[in-house]
2 protein chains.
Amino acid sequence: MHIEVGVLADLGHAALCRAGMKDTDARLSAEVLVLADSWGIFTHGIKNLPGYLRRIDAGGIRRDGQPRVIAEGPAWAIVDGAQSLGMVGSVFAMDLALAKARSAGFGYVGLGNSCHFGAAGCYAVRAAHDGMLGWAMANDTPTVTAPGARGAVLGSNPFAFAAPVEGEDPLLLDFATSTVAGGKLFAAAAEGRKVPEGWVVDDAGRPTTDPSVWPKAGALTPMAGHKGYGIALMIEVLSAVVTQGPAMAEVLSWSFADPSLPTGHSAAFLAMNVRAMPGGEALGRRLAEMARRIRALPKAPEGGRILLPGEREWAFRKRALREGLELPGDVAHAVDRLRERCGIQP
Amino acid sequence: MHIEVGVLADLGHAALCRAGMKDTDARLSAEVLVLADSWGIFTHGIKNLPGYLRRIDAGGIRRDGQPRVIAEGPAWAIVDGAQSLGMVGSVFAMDLALAKARSAGFGYVGLGNSCHFGAAGCYAVRAAHDGMLGWAMANDTPTVTAPGARGAVLGSNPFAFAAPVEGEDPLLLDFATSTVAGGKLFAAAAEGRKVPEGWVVDDAGRPTTDPSVWPKAGALTPMAGHKGYGIALMIEVLSAVVTQGPAMAEVLSWSFADPSLPTGHSAAFLAMNVRAMPGGEALGRRLAEMARRIRALPKAPEGGRILLPGEREWAFRKRALREGLELPGDVAHAVDRLRERCGIQP
């Protein structure tokens, strides 16, 4: 299926409005999802909207949930997501972190009582577009094992960092703390492909190349072993433990759990206002110079390029905005379902 | 060689005093180094002191360098390390981050014009001992390659995170963004051991199990491929780019470069005062509960335990404080050299 980026965003917007969400929240949420699609991160984009809508219909996500500040200080705030859609609470919290950073230089905002927030990079990049450094991370229902454990211990807790680069798109690091994101296993299973050994273990903790064992059984592996496990645990602390929310197995799956229940996801957003610091106005220029130096380094023998984090995603987006998106089968299926909901003829 | 932890610290203190450093700085620096040794991280402890002393003797590290605040705001500060020993500037900067966090809730301190700071965890743990969350990270001379590159691009830029856990030692995550720290290759080479494939590549970018190719040629691999490369780049931004210091190949090796030159290392320290946040006084209890839940999870078939980050290091330290340290050959050699400098009979 081929579709324009703007048409996809309009469809998401319309579907969320039809589900009873207010116009501004629906627009903002659809744009977050389609931003991920436009980067080629189809696993975290509009594909997930039918699942979110199922939770809205059943009451697990509150269509009228409005995030509110529970407590705050000069450089921090704790936000109650009020069971709103993950994108609604996350944009609210990220923008509050930016406001804190604007006045104090640094801002941390913990978001509780939220849901799956999609691609972490969608929030971190808001900081970079504002000339700041930004971070976004979240916990999730356990899918990833830990060294010494059998079965899942923590979510694939994603982490994103963004920084402005003068004259080009922001540096954008966005990764799951599992070896690969679960979405890649779903995609492989849907297409009947095997996956490389080391991505997933079966129920007994044995490595397997069959992506379909998961998530019914088995677990993803943590990236870089104990290091990825440690980073995921740090994210669990910053999102769930600080906000006093559900942690580890207390968090429900947004896609598989009873849709009438709140999932209890938490997230954390940080921003650093480098513009307030000495030479901060030239940070983007210094990052552009660093990018230039990295690209000029000797290349690996097999040829190719040294990419900056996010460079592939921004190139994908440029082409998507120019030529439209060619949707994989599972995303096209979601679009069909959204069109049905909205009474739109394909 | 067997030695008491306190005796090792006294030796480091004495050697730094003899080199002309003031008593308080010498004491604090020796204690940072011996803390790493007491965790079993011998690659980042007293073993490196003869190399630091060579730089002090030659002028690359200033024995009387006193860090000073260049600029600051409610939640941040930029510190000039004044070419002091890495430990002196880093403790100053971490403690300033804690002070900022105490008043604003969060504190970031960038440290420029410093040197190799040893084990990142030594600074992050100061936050946990104060009931806060803490981070420490630093750049270094390039030793690690990047996807698509041939040769070294970034340092093995270390990252540490610490959090208080009620009734036990802090959670302590401390890792190099290379697959393994360079010190492990030195140790393997010194002992004539091969290393697992995937740790290091040769001059042509080919994987090798011979640790001795590095650092004369070749490069370490980044942990988890592009993810570790991205994290190292984030650390480079937070330490060097924000403080306007040398970055990537502009940073000199503290051990190999002309000891009369400043190395130009930068570092970043962050602290978050959870005690100011709702329920923050009970964060340590919630982390203890999380630790209990993790330890109670099903274990891998080969037996063993699920460790919390830092658990192995704290157990090592407990035993070291009780029974003393059994030093590996290269550390014992450094101790011999320090004793010679101090005129102490072995």
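Residues numbered from 1 in each chain as written. Chains lettered and ligands numbered in written order. Predicted model: local features only at pLDDT ≥ 70, side-chain atom pairs only at ≥ 80, totals over all residues. Heavy atoms only, no water.

Participant: For the pairing of strand S2 (residues 68–73) of chain A, give the residues involved together with the corresponding values.
Facilitator: All names here are of chain A. Of the strand pairs in this sheet, S2 and strand S3 (residues 76–80) are connected by 5 bridges, and their pairing is antiparallel. Counted as the bridge partner of Glu-72 is Ala-77 from S3. Taking the residues that link successive antiparallel strands as the turn, the S2-S3 hairpin has 2 residues. (Pairing = 2+ DSSP bridges. Helix = DSSP H or I, 4+ residues; strand = E, 2+ residues; numbered from the N terminus.)

Participant: Lay out the confidence of the model for chain A with the relevant residues and their values.
Facilitator: On average, chain A scores 96 in pLDDT, and the residues at 70 or more come to 100%. Prediction confidence for the complex, expressed as pTM and ipTM, is 0.97 and 0.97 respectively. (pLDDT = per-residue confidence, 0-100.)

Participant: Describe in detail the packing of helix H2 (residues 23–38) of chain A against helix H5 (residues 121–129) of chain A, supporting the description with residues and values.
Facilitator: All names here are of chain A. At a minimum axis separation of 10 Å, H2 and H5 run at an interaxial angle of 95°. One way to sum up the angle between H2 and H5 is to call them roughly perpendicular. Within the contact between the two elements, H2 uses Val-32, Leu-35 and Ala-36 and H5 uses Cys-122, Tyr-123 and Val-125. Classifying every residue of the contact of H2 with H5 gives 6 nonpolar, no polar and no charged. (Axes fitted to C-alpha atoms, helices over the stretch in contact; angles between N-to-C directions. Parallel < 35°, antiparallel > 145°, perpendicular 65-115°, else oblique. Contact = heavy atoms within 4.5 Å. Nonpolar A, V, L, I, M, F, W, Y, C, P; charged D, E, K, R; others polar.)

Participant: Lay out the sheet that holds S3(A) with the relevant residues and their values.
Facilitator: All names here are of chain A. Sheet architecture is open: 7 strands sit in the order S2-S3-S4-S11-S5-S6-S7, paired in mixed fashion. On the outer flanks of this sheet lie S2 and strand S7 (171–175), each paired with one strand and no other. Each strand of the sheet is rotated relative to its neighbour by a mean of 10°, with strand direction disregarded.

Participant: Summarise the sheet that holds strand S10 (residues 219–220) of chain A; cite the residues concerned and give the values.
Facilitator: Residue and element names in this part refer to chain A. The sheet built from 3 strands is open, its strands ordered S9-S8-S10 with antiparallel pairing. Here the strands that pair on one side only, and so sit at the sheet edges, are strand S9 (207–208) and S10. The pairing of strand S8 (residues 200–201) with S10 spans 2 bridges and is antiparallel. Across the sheet, the residue bridging to Val-201 is Ala-219, located in S10.

Participant: How would you sum up the side chain of B:Thr243? Please name residues and give values.
Facilitator: Residues and elements named next belong to chain B. Here Thr-243 shows up in the loop between helix H7 (226–241) and strand S11 (265–272). A polar side-chain atom of Thr-243 sits 3.3 Å from the main-chain carbonyl oxygen of Ala-240. When neighbours within four sequence positions are excluded, Thr-243 is seen to be in contact with Ile-78, Tyr-108, Gly-110, Leu-111, Gly-112 and Ser-266. (Polar contact = N/O pair within 3.5 Å; in protein donor to acceptor, adjacent residues only side chain to side chain.)

Participant: Would you mind going over the relation of the copies chain A and chain B in detail, with residue names and values included?
Facilitator: Between chain A and chain B, which share one sequence, the superposing operator has a rotation angle of 180° and an axial displacement of 0.0 Å; the RMSD is 0.0 Å. Given the turn and translation reported, the copies of this chain are related as if by a two-fold rotation axis. Nearest to the rotation axis, the C-alpha of A:Ala224 is located 2.6 Å from it, this being the minimum over chain A. The fraction of interface residues of chain A whose copies in chain B are also interface residues reaches 100%, indicating that both copies meet through the same surface. (Least-squares fit on C-alpha atoms with pLDDT ≥ 70 in both.)

Participant: Can you break down the packing of aromatic side chains residue by residue, with the values?
Facilitator: Within this structure, the stated rule accounts for 23 aromatic pairs over all chains. Taking 4.4 Å as the distance between ring centres and 0° as the angle between the ring planes, the aromatic pair formed by A:Phe106 and B:Phe106 counts as stacked. Here A:Phe106, found in strand S4 (residues 106–114), pairs with B:Phe106, found in strand S4 (residues 106–114), and the two come from separate chains. Classification of A:Phe106 as buried rests on a relative accessible area of 1%. Taken together, the ring pairs in this structure connect A:Phe106, A:Trp135, A:Phe161, B:Phe106, B:Trp135 and B:Phe161 into an aromatic cluster. (Phe/Tyr/Trp six-rings, centres within 6.5 Å; stacked < 30°, edge-to-face > 60°. Buried < 20%, exposed > 50% of the residue type's maximum accessible area, 1.4 Å probe, protein only.)

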